[in-house]
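Coordinates in review
Now for the letters of each chain:
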Amino acid sequence: KAGVTQTPRYLIKTRGQQVTLSCSPISGHRSVSWYQQTPGQGLQFLFEYFSETQRNKGNFPGRFSGRQFSNSRSEMNVSTLELGDSALYLCASSLQGASGANVLTFGAGSRLTVL
Amino acid sequence: ILNVEQSPQSLHVQEGDSTNFTCSFPSSNFYALHWYRWETAKSPEALFVMTLNGDEKKKGQISATLNTKEGYSYLYIKGSQPEDSATYLCAFGSSNTGKLIFGQGTTLQVKP
């Protein structure tokens, strides 16, 4: 059974650019949630998508956006990159939803460096 | 603002020691409490999901308890091994926001 696949694994961008990260969930999982991890911070919730609809959103500026496709694959986009956006971005898939009794399965993450 | 606190922040023990850490979370609007283990260069991996007050879960030498009324969960590792070295994350699922809020983690290092 394939796990959660995130691409790209590493990328370097400069300030002002934009970036798109992709997440393919486990087959049959309809929920994809995204998290940001920076040094000294826990996993910060970005948003959750379920059946192509954004179900929940964290406290991030509008430069952070996402979407989910009919095959449950999800993308997140960060526009007008800032130095502080350098982080590990993790996505996680679950059967029904991210907040309840369903276990999250995480991808390996996309490490973004903004110069 | 929902706050999930984990203590201690880091822990160094000798192989064979038993250890435990704490996760504190809001005592209202409880939906679920998750524990994950995150080894260096790997993805976080689920240990337990608990939903009922008084729940106790066990997986090998690792066990967890849950007290939703007072808002805490304990994770115990009996007879730590070097391969238990990892960051242990807890996450609180809120029934009114629908969000899973993670603590900052407890980093455990087990010396052989």
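Residues numbered from 1 in each chain as written. Chains lettered and ligands numbered in written order. Predicted model: local features only at pLDDT ≥ 70, side-chain atom pairs only at ≥ 80, totals over all residues. Heavy atoms only, no water.

Some details on the overall build of chain B
Within chain B one finds zero helices and 11 strands. In terms of overall size, chain B behaves like a compact globule, its C-alpha atoms giving a radius of gyration of 14 Å where 112 residues would be expected to give roughly 13 Å. Projected onto the principal axes, the alpha-carbon positions of chain B cover approximately 45 × 25 × 20 Å. With 112 residues in all, chain B has 50% of them scored as buried. For chain B, the proportion of contacts with a sequence separation of at least 24, taken over those separated by at least 6, is 55%. When the 9 basic and 10 acidic side-chain charges of chain B are each reduced to a single mean position, those positions are 4 Å apart. (Helix = DSSP H or I, 4+ residues; strand = E, 2+ residues; numbered from the N terminus. Rg over C-alpha atoms; globule rule 2.2 N^0.38 Å. Buried < 20%, exposed > 50% of the residue type's maximum accessible area, 1.4 Å probe, protein only. Contact = heavy atoms within 4.5 Å. Lys, Arg positive; Asp, Glu negative; His and termini not counted. Charge placed at Lys NZ, Arg CZ, Asp CG, Glu CD.)

Some remarks on the pattern of salt bridges
Side chains that carry opposite charge are capable of pairing whenever their charged atoms lie near each other. Here the structure, examined in full by the defined rule, presents eight salt bridges over all chains. The partner of Glu45 of chain B in a salt bridge is Arg37 of chain B, with the nearest N and O atoms 3.7 Å apart. Put simply, Glu39 of chain B and Lys42 of chain B hold a salt bridge, and the shortest N to O gap is 3.9 Å. On the basis of relative accessible area, Glu39 of chain B is assigned to the partly exposed category, the value being 23%. Salt bridges here are not isolated pairs; linked through shared partners, they connect Arg63, Glu82 and Asp85 of chain A. (Salt bridge = Lys/Arg side-chain N within 4 Å of Asp/Glu carboxyl O.)

Side note on the side chain of Thr106 of chain B
Residues and elements named next belong to chain B. Within the fold, Thr106 resides in strand E11 (residues 106–111). Reaching out from Thr106, the side chain makes a polar contact with the backbone oxygen of Pro8 at a distance of 2.6 Å. Not counting residues within four places of it along the chain, the set of residues in contact with Thr106 comprises Gln6, Ser7, Pro8, Gln9, Phe21, Ala86, Thr87 and Tyr88. (Polar contact = N/O pair within 3.5 Å; in protein donor to acceptor, adjacent residues only side chain to side chain.)

Observations concerning the nonpolar core
Ranked by size, the top nonpolar core spans 24 residues in total, and within it Phe25, Leu33, Trp35, Leu75, Tyr88 and Leu108 of chain B carry the most contacts. For this core, the elements supplying multiple residues, two or more each, are strand E2 (10–14), strand E3 (19–24), strand E4 (30–38), strand E5 (45–50), strand E7 (62–67), strand E8 (72–77), strand E9 (86–94) and E11 of chain B. Examining the composition of this core, we find that four residues originate from one element, E9 of chain B, more than from any other. Setting aside anything within four residues of it in sequence, one finds Leu33 of chain B in contact with Cys23, Phe25, Phe48, Val49, Met50, Leu66, Ser73, Cys90, Ala91 and Phe92 of chain B. In this structure, Ile26, Leu81, Cys91 and Leu112 of chain A belong to the second largest nonpolar core, which totals 21 residues. (Core = buried A, V, L, I, M, F, W, Y, C linked by side-chain atoms within 4.5 Å.)

What about the state of the cysteines?
Counted under the stated rule, the structure contains two disulfides over all chains. The disulfide partner of Cys23 of chain A is Cys91 of chain A, and the S-S distance across this bridge is 1.9 Å. Because the sign of the S-S torsion sets the handedness, a value of about 65° for the bond joining Cys23 of chain A and Cys91 of chain A places this disulfide among the right-handed ones. One end of the pair, Cys23 of chain A, is in strand E3 (residues 19–24); the other, Cys91 of chain A, is in strand E9 (residues 87–94), with 68 residues separating them in the sequence. You can call Cys23 of chain A buried: its relative accessible area is 0%. A residue is classified by how much of its surface remains accessible, and Cys91 of chain A, at 0% relative accessible area, is buried. Between the sulfur of Cys23 of chain B and that of Cys90 of chain B lies a disulfide, 2.0 Å long from S to S. Looking down the S-S bond of the Cys23 of chain B and Cys90 of chain B bridge, the torsion is 75°, so its handedness is right-handed. (Disulfide = S-S within 2.5 Å.)

Thoughts on the packing of aromatic side chains
Here the structure, examined in full by the defined rule, presents 14 aromatic pairs over all chains. Between the aromatic rings of Phe25 of chain B and Phe30 of chain B, the centroid separation amounts to 5.6 Å while the plane-to-plane angle is 35°, which identifies the pairing as tilted. Residue Phe25 of chain B shares its accessibility class with Phe30 of chain B, and that shared class is buried. An angle of 70° between the planes, with centres 6.1 Å apart, marks the rings of Tyr74 of chain B and Tyr76 of chain B as edge-to-face. Overall, the relative accessible area of 28% leaves Tyr74 of chain B in the partly exposed class. An aromatic cluster is defined as three or more aromatic residues linked by ring pairs; in this entry it consists of Tyr35, Phe45 and Phe106 of chain A together with Tyr36 and Phe102 of chain B. Between Arg55 of chain A and the ring centre of Phe50 of chain A, over which it is positioned, the NZ or CZ distance is 4.0 Å. (Phe/Tyr/Trp six-rings, centres within 6.5 Å; stacked < 30°, edge-to-face > 60°. Lys NZ or Arg CZ within 6 Å of the ring centre and 35° of its normal.)

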